[in-house]
Amino acid sequence: GDSVTQMEGPVTLSEEAFLTINCTYTATGYPSLFWYVQYPGEGLQLLLKATKADDKGSNKGFEATYRKETTSFHLEKGSVQVSDSAVYFCALSDLKTSYDKVIFGPGTSLSVIP
Amino acid sequence: EAQVTQNPRYLITVTGKKLTVTCSQNMNHEYMSWYRQDPGLGLRQIYYSMNVEVTDKGDVPEGYKVSRKEKRNFPLILESPSPNQTSLYFCAIARDRGFNEQFFGPGTRLTVL
């Protein structure tokens, strides 16, 4: 079945460092891909999304490119801030096989220190 | 702005004592869903609903019930809670089929002793 794999955390970075969180997926059809962010004590919120191959999603300085050839959707940010400390979830929605479902990865915890 | 309200936010209970976690939305969205979040497992879908009186099982429905008698509310019912249901629960809503963009509630932390 469809699945999402994320790099193990926690990740600790200094402020202004470059961030990459790896995400790879397995899907039968042509999924849409998402990154959600969960700040401490809150629910998840959509950070960015891409609906087809080679699309780039971006928001708040974060970017991710839908790479069909490597089945990946890695999250990047050029210069992280303390306020980016959160848990990041990669997710997919495959309308071909799971029309009413979103499948989430296990999450990657990011801590940014001043 | 989409608002999803969950109550209670925190609950400690004992094994076997029936409980209900409420979820309410202000967006008139058709699709609502319940997830549980456990360390290392991410979010797993418990149940979802495509409209009033239409519900279906997610990946981990055992031990849970839901109902959708009106569009804005989607309560999660634990008839006989057990310690393995200790978790963080999230309700989510979405406008489009496929749950392409979901709006999450603030979460309910449940502890079953």
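Above: the structure in question.
Residues numbered from 1 in each chain as written. Chains lettered and ligands numbered in written order. Predicted model: local features only at pLDDT ≥ 70, side-chain atom pairs only at ≥ 80, totals over all residues. Heavy atoms only, no water.

A.B. asks: Just to check I follow, could you spell out the sheet that holds strand β8 (residues 76–78) of chain B for this structure?
C.D. replies: Whether parallel or antiparallel, the strands of a sheet pair through hydrogen bonds between backbone atoms. Residues and elements named next belong to chain B. If you trace the four strands from one edge of the open sheet to the other, you get β1-β3-β8-β7, paired in antiparallel fashion. Single-partner strands in this sheet number two, and they are β1 (4–7) and β7 (65–66). Pairing of β7 with β8 involves two bridges; the strand directions are antiparallel. Across the sheet, residue K65 finds its bridge partner in β8, namely I77. (Pairing = 2+ DSSP bridges. Helix = DSSP H or I, 4+ residues; strand = E, 2+ residues; numbered from the N terminus.)

A.B. asks: Sorry if this is basic, but what is going on with the environment of A:T24 here?
C.D. replies: Residues and elements named next belong to chain A. Mapping T24 onto the fold places it in strand β4 (residues 23–26). With 20 residues separating them in the primary sequence, T24 and V4 have C-alpha atoms 6.0 Å apart. Ignoring any residue separated from it by four or fewer positions in sequence, one finds T24 in contact with S3, V4, T5, T71, S72 and H74. (Contact = heavy atoms within 4.5 Å.)

A.B. asks: Quick question: what am I supposed to make of the pattern of salt bridges here?
C.D. replies: Should their charged atoms come close, side chains of opposite charge can pair. Taken as a whole and assessed by the stated rule, the structure comprises seven salt bridges over all chains. Across the pair A:K77 and A:D84 runs a salt bridge, and its minimum N-O distance is 2.7 Å. Of the two residues, A:K77 and A:D84, both sit in the buried class. A salt bridge links B:E79 to B:K18; the nearest nitrogen and oxygen atoms lie 3.9 Å apart. Remark: B:K18 occurs in the loop between β2 (10–13) and β3 (19–25) and B:E79 occurs in the loop between β8 and β9 (87–94); sequence separation between them is 61 residues. You can call B:K18 exposed: its relative accessible area is 53%. Ionic contacts of the salt-bridge type, sharing partners, join the residues B:K18, B:K65 and B:E79 into one network. (Salt bridge = Lys/Arg side-chain N within 4 Å of Asp/Glu carboxyl O. Buried < 20%, exposed > 50% of the residue type's maximum accessible area, 1.4 Å probe, protein only.)

A.B. asks: Help me out: how do you make sense of the state of the cysteines in this one?
C.D. replies: Working definition of a disulfide: a covalent bond connecting the sulfur atoms of two cysteines. Applying the stated criterion to the full structure yields two disulfides over all chains. The disulfide bridge from A:C23 ends at A:C90, spanning 1.9 Å between sulfur atoms. As the torsion about the S-S bond is roughly -70 degrees, the A:C23-A:C90 disulfide counts as left-handed. Here the residue A:C23 occupies a position in strand β4, and A:C90 occupies one in strand β10 (residues 86–93), the gap between them amounting to 67 residues. Covalent S-S linkage joins B:C23 and B:C91, the inter-sulfur distance amounting to 1.9 Å. (Disulfide = S-S within 2.5 Å.)

A.B. asks: I'm lost on the packing of aromatic side chains in this one. Help?
C.D. replies: Residues and elements named next belong to chain A. All told, the structure shown has eleven aromatic pairs over all chains when counted by the stated rule. Between the aromatic rings of F62 and Y88, the centroid separation amounts to 5.6 Å while the plane-to-plane angle is 40 degrees, which identifies the pairing as tilted. Residue F62 is located in strand β8 (residues 62–65), and its partner Y88 is located in strand β10; the two are separated by 26 residues in the primary sequence. Here Y88 falls in the buried class, since its relative accessible area comes to 0%. (Phe/Tyr/Trp six-rings, centres within 6.5 Å; stacked < 30°, edge-to-face > 60°.)

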